[in-house]
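What follows is each chain in one-letter form.
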Amino acid sequence: MDQFKQLVENRHAYAQSWKARTGGKVLGWYEPYFPEELAYAAGILPVRLLARHEPDDRSEKWMYAACYPARDILNQFLKGRYDYLDGMVTVEGCQWMYHAFESTLRSRPEFWNHYLFLPDYTDAPTSKTVLRSELQVFQEKLEAWTGRTVTDADLDWAIEVYNKNRLLLRQIYELRRAQEPVILGSEMMHLILADQVMDKAEMNEILERFLEELEQRTPHRDCIRLMLIGSETSDAALEEMAESLGANVVVDELDTGSSYFWNNVLPQKDRLMALALRYLGRPHNPIKDNNWRRRPQHIFELYEDFSADGVIIAKQIYCHLHGTDNYAVWKLLRERNIPYLFFERDTTLPEEETRLRLESFLTVVRQGATHVCGWHKTLA
Ligand code: SF4
């Protein structure tokens, strides 16, 4: 499994070697609703921009008091870590990520870029036609950039590769439902993060081999089963800490975790509409979960399906999206007597404080207590 952790750590080198091997372009993307299939169909490698935990001595001039993932990505751009990228794209979403995108462009105006509009009201009657027309514009722009026409056959191929990738991830993920799972939460998180920075056709081969390896593994016994929800992350530090205390994160609802691959594209003759429906129908993060409020119920279903014993909510400091949505999530968890622990995290986890709080929480969960932990119980 070390291979996945290493892939995440060496992602810049991987993208550069991919470029040298294939002669293709590499496109960085910021927001979880980015329809990668379209870029992949044009022969481009889409890579998710992830934070890296490097000392940030550059971004403050451009962004003040923003969340750590947005600041860190900008910091990496300003340090030249992403110099190999040929372009970047963002999708209508979180304002901090947009701020990072815009600041990068101001510092690097020569970058090819695109801003893709995706309606916030994903289930409004007009949303699918609006997004379909946005995808059409994006496709034409990609064609002009690469000098290559994206055919239906290209789109079918890209959709097939991505659907297979999601299926493989799902197969591995489902193994965590077992009472004694063969895969740890930290391993799974590294795997999903690696998936987001790699060529999916190459990753599919690795995942197929990995599935076979998993059959030979010894299960992890007697772990407290946890669920992890909250803001995106770029590492598995929290999962590793839980494992060192006798717990295992068996399910998550993160944009950088299960939400990334949870639903497939359902092929149809109108390929762009098929893509539009997939991205409008994926598990929503707070900014897109407006009309019908599907997120709390999705969290609860995952919690039940994976037989979790408690929930960790980890929010990035200054993440206004999750800060606002947490009230609905806390309400749901309290109503259903689900124990939970709330953290805020910044560049790195404060090691001792986090360990102490997690340890206390696990003691409560171990005793089968079903009450709310932490200062926010006063908000009940
Ligand atoms: S952590 Fe929150 S505020 Fe920061 S980019 Fe992600 S969604 Fe936006």
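Cut-offs used in this document
- Residues numbered from 1 in each chain as written.
- Predicted model: local features only at pLDDT ≥ 70, side-chain atom pairs only at ≥ 80, totals over all residues.
- Heavy atoms only, no water.
- Near = heavy atom within 4 Å.
- Helix = DSSP H or I, 4+ residues; strand = E, 2+ residues; numbered from the N terminus.
- Nonpolar A, V, L, I, M, F, W, Y, C, P; charged D, E, K, R; others polar.
- Domains from an automatic or database assignment.
- Buried < 20%, exposed > 50% of the residue type's maximum accessible area, 1.4 Å probe, protein only.
- Contact = heavy atoms within 4.5 Å.
- Buried area = accessible area lost by both parts, 1.4 Å probe.
- Salt bridge = Lys/Arg side-chain N within 4 Å of Asp/Glu carboxyl O.
- Polar contact = N/O pair within 3.5 Å; in protein donor to acceptor, adjacent residues only side chain to side chain.

This part is about the site of the ligand. In the vicinity of the ligand, the contacting residues are C67, P69, C94, W96, M97, S231, E232, Q316, Y318, C319, H320 and L321. Those elements that place two or more of their residues in the shell around the ligand are helix 5 (95-107) and helix 13 (320-335). Of the residues in the shell around the ligand, the class split is 8 nonpolar, 3 polar and 1 charged. Structurally, the shell around the ligand is a two-domain feature, drawing no fewer than three residues from each of domain 1 (2-150) and domain 2 (223-379).

If you trace the backbone, V47 turns up in strand 2 (residues 45-48). Judged by its relative accessible area of 4%, V47 is buried. The spacing of V47 and H12 is 35 residues in sequence and 9.7 Å in space, taken between C-alpha atoms.

Now for the domain arrangement of the chain. Entries for the chain in the domain assignment read domain 1 (2-150) and domain 2 (223-379). Its C-alpha centre places domain 1 at a distance of 24 Å from the equivalent point of domain 2. Of the residues lining the interface, 41 residues belong to domain 1; the matching set on domain 2 comes to 35 residues. Both sides of the domain 1 and domain 2 interface together cover about 3,300 Å² of buried area, and 58% of this is carbon and sulfur. Contact with domain 2 buries area across many residues of domain 1, yet Y33, H53 and R132 alone supply 19% of it, more than any other trio. Taken together, domain 1 and domain 2 are joined by 5 salt bridges.

Taken as a whole and judged by the stated rule, the model has 31 salt bridges. The salt bridge partner of D83 is R108, with a shortest N-O separation of 2.9 Å. Within this pair, whereas D83 is found in the loop between helix 4 (68-78) and strand 3 (87-91), its partner R108 is found in the loop between helix 5 and strand 4 (112-116), the two being separated by 25 residues in sequence. With a relative accessible area of 47%, D83 lands in the partly exposed category. Between E187 and R217 there is a salt bridge, with its nearest N and O atoms 3.2 Å apart. Taken together, the positions of E187 in helix 8 (residues 185-195) and R217 in the loop between helix 9 (200-214) and strand 5 (224-230) put the pair 30 residues apart, joining distant regions of the chain. Overall, R217 belongs to the partly exposed group, its relative accessible area being 24%. Within this structure, E253, D289, R293, R295 and D325 form a network of salt bridges that share partners.

The next point concerns the side chain of S234. Within the secondary structure, S234 sits in the loop between strand 5 and helix 10 (237-244). Side-chain polar atoms of S234 contact the backbone oxygen of A51, separated by 3.2 Å. Not counting residues within four places of it along the chain, the set of residues in contact with S234 comprises V8, L50, A51, R52, H53, Y68 and L193.

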